[in-house]
Amino acid sequence: MMLLNQIMPMILAQAEHAQHVNVARLNDQFSWASMILWLPALSTLLCGLCAALKIKNKLPAWITVASLGTSFVLTLLLYINYSGPTIVHIFDWLNLGWTSNSQSVNFIANFSLYVDSLTLLWMLFVTGLGTLIALYASEYMESDVGKGYTRFFAGVSIFLFAMTALVMGDNLVMLYLGWEGVGFASYWLIGYYYTRPSAVAAAKKAFIVNRIGDLGLALGIYLIWHNFGTVEYSVLFEILNGDGYSQQAGGWSIHAIPYLLMLGAFGKSAQIPLFVWLPDAMEGPTPVSALIHAATMVTAGVYLLARMYPVMLLDQYALPIVAWVGGLTALLAATIAMAQHDIKRIFAYSTISQLGYMFLGLGVLTSFGAAYHVFTHAFFKAVLFLTAGAVMHGFAGQLDLRKISGLRNMPGWRIVSYTMLIACFCLAGFPGTSGFFSKDAILAQAFVTPGYGFRILGWIAIITAGLTAYYTFRVWFRICAGPVQFEMGDEHHGDDHHGNQPHAPRFAINFVLIVITIGAVLAAVPFFMANTTEGAHGGWVAEMIYDSSAIHGLPHQAAGAETQHATLLGMDPHTAMYFVSGGIGIFGILIALYLHLINRKAADSLKNALLGNSLTRWLPTAMENKWYVDEIYHAIIRAPLWIIGHALNLFDLWFVDRGIVDGIARIPKLLGKVFQPLQNGILQSYGVSMAGGAGLIAVLVIVMPDLMQWLGNLLGGGG
Amino acid sequence: MADKLWFLLPEIWLFVGVVVLSIIGLSKSKSLRDSLPFVTCFFLIVAFIMTPFVYSADRVADAPLLMPMLGKYVKMIVCAVGTMLALLSVGLLDRPLEAAMAEGRTRFDAIRVNRGEYFAFFLLSLIGVMLVCNANDLIWLFLALELASLPTYIMVAISRPSSKAQEAAVKYFFLGAMSSAMFLYGFALLYGSTGTIVITELRDAFTDQTLSEGGLSRLAIVGMILSIIGLCFKIVAVPMHFYAADVYEGAASPVTAFLGFVPKTAGAVALILLLSTVGWSNHHGFNVDGLPREILTTLWMIAVLTMTLGNVGALLQRSAKRMLAYSSIAHSGYLIIGLIAGPPFGLNAVLFYLLAYGLMNTAAFAVLAAFERRGQEIESLDDLAGLRRRYPVMAVVMAIAAGSLMGMPPLLGFAAKLYLFIAGMNAGHVALIVIAALNSAISAFYYLKLVALPLLAQSTPQSETVIPRPVVWPRVAAIITAAAIVILPIFANQLIKASNVANSIEQSALLSATDDLSLVEKVEDGTRH
């Protein structure tokens with residue numbers, strides 16, 4: 001209750017303030033915006049056409065790049081012309097009405113776009129990065145030109161279509177459509193190398209784990225409709241912000257909504273307890289890991305909670321739980337990342353960890369920090385994955401950081417090495433980088449917002465920042481610095497023209513790396529950009545969520561918040577955090593520098609020392625084995641289900657099939673055998689049977705009226 | 001009289017067709033005689049187009065008939081399905097002669113060819129069915145029924161050069177005669193009880209009996225039950241179903257398809273007319289407590305026995321034709337549910353079902369008629385094994401037809417069965433619907449054989465020898481009917497509306513058409529929820 005008492009006035013004050021901006025208008029002036037949605041869909045169809053025509057060149061890639069690029073340009077145009085929340089109606093989709101208990105009920109979910117600043121923020125980096133990564137993939141996937149190439153780009157296009165529907169839809173049903181669509185596209189692309197059993201298993205794992213979250217989302221949407229009678233954002237937010245609705249109202253079915261939505265978000269964004277699918281999802285081609293499993297799709301959970309912020313406030317414990325889950329996930333994933341050797345897996349755990357930060361931000365009431373971190377993270381994590389992909393591409397699948405060294409001194413690898421370095425600085429939160437500012441916004445808010453041990457979470461997050469800096473630079477110092485030596489992987493392309501020598505990336509990859517790296521560096525600028533909207537601090541990103549439903553999480557919004565401003569180390573938390581997190585980031589980098597560049601043997605001896613001591617042996621082992629989470633899930637969830645499934649199968653086989661079904665099936669055949677003798681093919685016998693039958697019926701009906709009375713009563717009915 | 005004759009224009013037109021066909025049938029030119037089925041189709045199609053114009057609103061208002069609009073619907077479906085059946089019969093007759101001519105063993109011999117008669121009888125039988133719905137007295141009804149039946153005896157006999165066909169024809173003829181005697185006796189008793197043979201007057205007389213004596217007279221009940229049982233022969237229902245398996249197996253497949261549709265339609269329409277004289281509880285302007293208990297019980301027993309014996313019998317068959325014969329019996333059982341339920345839903349469902357059954361029955365037999373083995377038509381289920389590998393289209397048609405007969409959504413058979421069951425439920429016959437649903441489940445067992453054998457099974461040495469018949473038209477008919485089975489469910493609402501207009505009573509046809517719209521909406525509501 002403490003939290004409620006302290007922050008609720010703040011929220012309510014904001015709600016009142018927000019009321020006048022938050023009403024979306026229907027606008028047909030932007031009907032061209034629907035092309036943002038349709039272009040990727042068109043691209044999917046054209047890729048399908050390419051598959052049908054058996055096209056054996058890079059045409060599908062150019063189709064995809066062109067349509068996504070056009071989508072990006074249209075999104076930019078939409079941003080430039082933007083002036084307040086807008087609904088763009090495309091067509092009527094679901095429009096049902098009926099009467100229940102003499103009340104008219106309706107269910108409306110139109111195929112419409114809801115364009116507000118939050119939508120635009122997401123769409124800008126989704127389409128922008130989508131275009132660039134598709135361009136990168138045109139070179140990366142070239143060894144598969146032909147059928148696989150087309151399949152890949154069709155998958156990317158359908159992903160973009162679904163992601164657009166998810167982000168731009170004006171109601172929860174359309175969001176759900178996109179949600180399932182991106183899940184399907186993710187399944188499609190993780191399982192791209194479908195001849196590899198591990199890829200197929202990873203695809204299934206991703207799909208099934210996501211189903212658990214999706215169930216939560218579906219139930220949440222149902223309960224929202226059940227309680228508020230709508231799934232349309234504009235109507236829903238009007239109800240929630242309106243005078244008629246009291247925050248404390250409603251029974252369990254209202255209080256359950258935030259938790260169900262949370263479950264959906266945790267599934268899609270890989271948080272505890274549903275994070276296990278994301279590391280395995282790295283089985284997919286690297287551009288997919290960069291686009292779907294780092295930059296865009298996994299942030300759908302953050303988007304959902306930011307979009308549904310007013311709904312998340314329906315239960316006072318919901319956001320604190322989000323914060324704790326996010327904080328703990330960040331720590332857990334960071335510890336796992338420290339002990340992995342496969343660089344794609346390190347980056348995957350790092351993604352989970354950074355997503356944890358974003359949820360922490362949402363939980364401690366800074367949707368601004370969360371959204372900003374999503375934005376910066378999308379750039380630098382994309383760079384990290386794309387450089388990892390370039391390494392994998394050039395070294396025939398080699399990803400083990402112990403087997404490659406001194407990349408920056410190899411010919412042709414300079415761009416990869418230095419773009420990776422810049423991205424590492426961003427991820428590590430090195431002062432002055434974009435990651436530094438976005439992370440600090442979240443960390444500081446943890447000390448500002450009162451309640452539920454958020455200060456503890458803040459310290460956990462700071463420790464995690466140090467770990468992050470360490471594992472990030474562990475990768476860079478191992479791979480890019482040091483003496484030149486390497487060992488090729490065992491995955492050779494079909495056109496193996498380079499033998500046992502690595503082949504450096506060419507134009508498309510280098511170009512894309514440079515562009516996105518510039519984006520990652522410049523992502524720090526919006527933090528300092530003056531914003532035009534009154535009342536919102538925090539630069540351009542703050543402006544970008546100002547007139548959306550996530551407005552409640554803006555910094556320094558209400559006047560009341562200033563008076564309760566907490567302090568950290570005797571300073572304003574935002575100022576203090578620059579020193580604390582910057583310092584711990586540099587500290588992590590220095591440790592990595594010593595252990596993995598200057599004295600690489602020290603790292604091994606440290607590990608051996610830990611393993612040698614029986615008291616500390618568990619630590620590196622457990623970290624390397626990912627805290628045995630997969631094994632625990634296997635034992636407590638999969639094994640019992642497997643046993644129950646097989647028991648039911650035996651029951652079905654022996655009791656239902658053999659017993660009931662076959663038993664009943666025998667009865668008609670026996671009956672048939674009884675009547676068979678009547679059907680003997682002799683005319684006279686037929687005649688007698690017919691006449692006899694007619695006589696029998698006549699006698700039954702006429703001579704026994706009592707029987708008829710009884711039968712009639714039995715049969716009932718009017719006739 | 002002129003009013004009545006006006007509605008006979010389609011029949012008169014078809015009778016012109018009969019004369020033309022008979023004359024062409026005497027021609028010495030082979031090509032002219034080969035055109036016979038297409039001439040038949042031409043006459044049927046023109047009659048089909050003509051019918052809606054004949055049943056114009058102002059004419060119908062003055063018609064001295066109990067259900068004036070019945071003819072429009074029934075005549076149209078008879079002409080439509082009849083066209084398909086005529087296509088099925090292309091190249092059916094004189095097969096040994098054709099084969100001999102193809103091998104050059106003999107020349108065309110006008111005396112030995114009898115396809116002219118076949119198609120003339122074909123049309124005559126259809127005229128019989130069409131006349132049934134115009135019947136306003138019992139004599140007319142009897143004659144029309146006989147006109148529908150008598151040509152079929154001959155069609156069975158000449159359909160193929162085999163002693164089996166002769167045997168089937170003789171059995172069919174004798175048992176048919178017996179059934180005719182039975183319902184003629186029933187008609188006589190009805191006359192004895194009421195003193196009239198005019199159907200509209202019968203209806204008034206029965207109303208009087210019910211009002212004055214609290215029920216129908218014993219004589220009327222006996223007459224009614226005998227008539228119903230006699231008509232059971234036409235619709236192939238227990239206890240008059242025994243002939244079905246033998247006759248269906250003995251006749252050639254196109255004729256079997258004909259037998260499955262034409263006499264059944266005649267019988268069902270005759271039963272609708274007869275039962276409407278005693279009336280159902282919600283019959284227009286006819287306030288009785290529903291069907292008299294004795295008649296209800298009779299129909300109830302017949303329905304249950306018919307569907308059960310039909311389905312159980314079909315389970316044991318290895319011959320596709322015998323299986324379809326039993327399936328025809330089972331479907332009559334379902335049909336009677338609609339007769340029990342009564343108007344408007346029950347009769348709507350019956351009329352809809354007649355069309356649906358006619359199409360799916362024709363489709364199934366068309367596949368059988370499309371193939372032959374060593375000049376003989378195929379009969380056994382084993383002949384169909386692995387059909388998909390060599391003739392995928394026909395295999396799919398068979399699967400569609402069997403699926404529809406089984407009542408699988410979204411095919412036409414499903415909609416038809418659904419309407420029947422809903423009508424039964426609405427009338428309160430839950431037990432009957434439960435039994436019918438169980439029967440439907442049993443029927444899936446053998447219909448799925450017709451789906452699985454052509455599509456999934458491997459070819460056997462026996463089925464490898466099956467080849468398509470030289471004429472293409474049975475296959476065309478198969479594809480058209482299968483397409484109709486797939487497409488028509490989309491228009492189920494319109495068809496049900498048409499059949500609803502068809503069974504409205506007397507001159508109120510136009511008035512009640514507006515009332516009935518609300519009823520139709522109720523039916524639709526019922527299906528929607």
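Because the structure is predicted, anything quoted here is derived from the model rather than measured.

What counts and what doesn't
Residues numbered from 1 in each chain as written. Chains lettered and ligands numbered in written order. Predicted model: local features only at pLDDT ≥ 70, side-chain atom pairs only at ≥ 80, totals over all residues. Heavy atoms only, no water. Helix = DSSP H or I, 4+ residues; strand = E, 2+ residues; numbered from the N terminus. Buried < 20%, exposed > 50% of the residue type's maximum accessible area, 1.4 Å probe, protein only. Contact = heavy atoms within 4.5 Å. Areas by Shrake-Rupley, 256 points an atom, 1.4 Å probe, with all protein chains shown as cover. Buried area = accessible area lost by both parts, 1.4 Å probe. Salt bridge = Lys/Arg side-chain N within 4 Å of Asp/Glu carboxyl O. Polar contact = N/O pair within 3.5 Å; in protein donor to acceptor, adjacent residues only side chain to side chain. Nonpolar A, V, L, I, M, F, W, Y, C, P; charged D, E, K, R; others polar. Core = buried A, V, L, I, M, F, W, Y, C linked by side-chain atoms within 4.5 Å. Axes fitted to C-alpha atoms, helices over the stretch in contact; angles between N-to-C directions. Parallel < 35°, antiparallel > 145°, perpendicular 65-115°, else oblique. pLDDT = per-residue confidence, 0-100. Expected span 1.5 Å × (residues − 1). Arc of directions from axis to C-beta. Phe/Tyr/Trp six-rings, centres within 6.5 Å; stacked < 30°, edge-to-face > 60°. Pairing = 2+ DSSP bridges. Left-handed = near helix turned anticlockwise from the far one by under 90°.

Draft legend 1. Seen up close, the overall build of chain A. Each helix and strand counted, chain A has 29 helices and five strands in total. Classification of the 719 residues of chain A by burial places 58% in the buried group. A separation threshold of at least 6 residues defines the contact pool for chain A, and within that pool the share at least 24 residues apart is 79%. Carbon and sulfur atoms make up 68% of the accessible area of chain A, which totals about 28,100 Å².

Draft legend 2. The overall build of chain B, seen in detail. Looking only at helices and strands, one finds 25 helices and three strands in chain B. Carbon and sulfur atoms make up 67% of the accessible area of chain B, which totals about 17,600 Å².

Draft legend 3. Spatial organisation of the interface of chain B and chain A. Of the residues lining the interface, 43 residues belong to chain B; the matching set on chain A comes to 31 residues. Overall, the association of chain B and chain A removes approximately 3,200 Å² of surface from exposure, summing both partners, and the carbon and sulfur fraction of that is 76%. The largest contributions to the chain B side of the interface with chain A come from Phe242(B), Arg293(B) and Leu316(B), which together make up 20% of the buried area. Where chain B meets chain A, there are zero salt bridges. Viewed at the interface, chain A and chain B are joined by one residue pair in polar contact (both at pLDDT 80 or more). If you list the elements that add at least two residues to the side of chain B that touches chain A, you get helix H10 (163-194), helix H12 (218-235), helix H13 (243-250), helix H15 (293-315), helix H16 (320-341) and helix H21 (430-455) of chain B. The dominant element in the side of chain B that touches chain A, judged by the number of residues it contributes, is H15(B), at 11 residues. Here the side of chain B that touches chain A is built from residues that sort into 28 nonpolar, seven polar and eight charged.

Draft legend 4. How the structure looks around the nonpolar core. Residues Trp122(A), Leu261(A), Met308(A) and Ile516(A) are the most contacted members of the largest nonpolar core, which totals 204 residues. A per-element tally of this core places helix H16 (residues 367-394) of chain A first, with 18 residues. Setting aside residues up to four positions removed in sequence, Met308(A) forms contacts with Leu172(A), Ile224(A), Tyr233(A), Leu236(A), Phe237(A) and Leu261(A). Residues Leu85(B), Phe119(B), Ile199(B) and Met398(B) belong to the second largest nonpolar core, which totals 197 residues.

Draft legend 5. A look at the side chain of Lys417(B). Residues and elements named next belong to chain B. With respect to the element layout, Lys417 can be found in helix H20 (residues 412-426). Looking at Lys417, the relative accessible area reads 6%, which means it is buried. Polar side-chain contacts of Lys417 include one of 2.9 Å to the side chain of Ser440.

Draft legend 6. Up close: the pattern of salt bridges. All names here are of chain B. For the coordinates displayed, the defined rule picks out 23 salt bridges over all chains. Salt-bridge contacts for Arg160 lead to Glu377; the nearest nitrogen and oxygen are separated by 3.6 Å. Here the residue Arg160 occupies a position in the loop between helix H9 (138-158) and H10, and Glu377 occupies one in strand S2 (residues 376-377), the gap between them amounting to 217 residues. We classify Arg160 as buried; its relative accessible area is 9%. Note that Asp382 and Arg318 form a salt bridge whose closest N and O atoms lie 2.6 Å from each other. Of this pair, Asp382 sits in the loop between S2 and helix H18 (387-390) while Arg318 sits in the loop between H15 and H16; the two residues are 64 residues apart in sequence, bridging distant segments of the chain. Judged by its relative accessible area of 27%, Asp382 is partly exposed. A relative accessible area of 43% means that Arg318 is categorised as partly exposed. One network of salt bridges, in which partners are shared, links Arg160, Lys164, Glu167, Lys171, Asp246, Glu249, Lys321, Arg322, Glu377 and Glu379.

Draft legend 7. Summary view of the packing of helix H4 (residues 117-140) of chain A against H16(A). All names here are of chain A. Relative to each other, H4 and H16 sit at 5 degrees, their axes nearing to 11 Å. Judged by the angle between their axes, H4 and H16 are roughly parallel. Of H16, the residues touching H4 (which contributes Leu121, Trp122, Phe125, Leu129, Ile133, Tyr136, Glu139 and Tyr140) are Ala371, Val374, Phe375, Ala378, Phe379, Ala382, Leu386, Gly389, Ala390, Met392 and His393. Considering only residue class, the contact of H4 with H16 consists of 16 nonpolar, two polar and one charged.

Draft legend 8. Structural context of the confidence of the model for chain B. Here chain B averages 86 in pLDDT, and 93% of its residues register 70 or above. Predicted confidence is poor over residues 507-529 of chain B, with pLDDT under 50, and the contacts of this stretch with residues over four places away or in other chains come to 26 contacts.

Draft legend 9. Focus on helix H25 (residues 600-612) of chain A. All names here are of chain A. Compared with an ideal rise of 1.5 Å per residue, which puts 13 residues at 18 Å, H25 spans 19 Å between its outermost C-alpha atoms and is within 8% of the ideal. Every buried residue belonging to H25 is among Arg600, Ala602 and Ala603, and all of these are buried. The arc that holds the buried residues of H25, viewed along the axis, is 165 degrees, so those residues lie on one side. Seen from the open side of H25, the exposed residues pointing more than 90 degrees away from its buried face are Lys601, Asn608 and Gly612. Buried residues along H25 sit in contact with strand S4 (404-405), helix H19 (454-479) and helix H24 (573-598).

Draft legend 10. Molecular detail of the packing of aromatic side chains. Residues and elements named next belong to chain B. Going through the model one piece at a time under the given rule, you end up with 55 aromatic pairs over all chains. Plain terms: the ring middles of Phe42 and Phe43 are 5.4 Å apart, the flat faces sit at 75 degrees to each other, and that makes the pair edge-to-face. We classify Phe42 as partly exposed; its relative accessible area is 45%. Plain terms: the ring middles of Tyr334 and Phe421 are 6.3 Å apart, the flat faces sit at 70 degrees to each other, and that makes the pair edge-to-face. Of the two residues, Tyr334 is situated in helix H16 and Phe421 in helix H20; the sequence distance between them amounts to 87 residues. An aromatic cluster is built from Tyr153, Tyr172, Phe173, Phe174, Phe233 and Tyr243, whose rings are joined through pairwise contacts.

Draft legend 11. Inspection of the environment of Met308(A) at higher detail. All names here are of chain A. For Met308, the position within the fold is in the loop between helix H12 (300-307) and helix H13 (309-312). On the basis of relative accessible area, Met308 is assigned to the buried category, the value being 0%. Along the chain, Met308 and Ser549 lie 241 residues apart, while their C-alpha atoms are 6.8 Å from each other.

Draft legend 12. The sheet that holds strand S3 (residues 467-468) of chain B, seen in detail. Residues and elements named next belong to chain B. A sheet is described by the order of its strands in space; here three strands give the open sequence S2-S1-S3, paired in antiparallel fashion. Both edges of this open sheet fall to S2 and S3, since each of them pairs with a single strand only. Where strand S1 (residues 371-373) meets S2, two bridges bridge the pair, whose relative direction is antiparallel. Paired with Glu372 across the two strands is Glu377, which belongs to S2.

Draft legend 13. Focus on the packing of H4(A) against helix H11 (residues 286-295) of chain A. Residue and element names in this part refer to chain A. Direction vectors running N to C along H4 and H11 enclose 165 degrees, while the axes themselves pass 9 Å from each other. One element, H4, and the other, H11, form an angle in the roughly antiparallel class. When you trace H4 past H11, the crossing you get is right-handed. Facing Phe125, Leu129, Gly130, Ile133, Tyr136, Ala137 and Tyr140 of H4, the residues of H11 in contact are Thr286, Pro287, Ala290, Leu291 and Ala295. Looking at the contact of H4 with H11 residue by residue, the class counts come to 10 nonpolar, two polar and no charged.

Draft legend 14. Broad picture of the side chain of Gln398(A). Locating Gln398(A) in the fold gives a position in the loop between H16 and S4. Setting aside its immediate chain neighbours within four residues, Gln398(A) contacts Val391(A), Met392(A), Lys403(A), Ile404(A), Glu487(A), Met488(A) and Gly489(A).

Draft legend 15. Representation of unusual backbone geometry in the model. In this chain, Ile272(A) is followed by Pro273(A) through a cis amide linkage whose omega measures 5 degrees. Here Pro273(A) is to be found in the loop between helix H9 (252-268) and helix H10 (277-280). Pro239(B) follows Val238(B) through a cis peptide bond whose omega is 0 degrees. Locating Pro239(B) in the fold gives a position in the loop between H12 and H13. With a phi angle near 65 degrees, Leu365(A) is a residue other than glycine that sits in the positive phi range. Locating Leu365(A) in the fold gives a position in the loop between helix H15 (343-363) and H16. Here Leu365(A) falls in the buried class, since its relative accessible area comes to 6%. Even without a glycine there, the phi angle at Val236(B) is positive, about 55 degrees.

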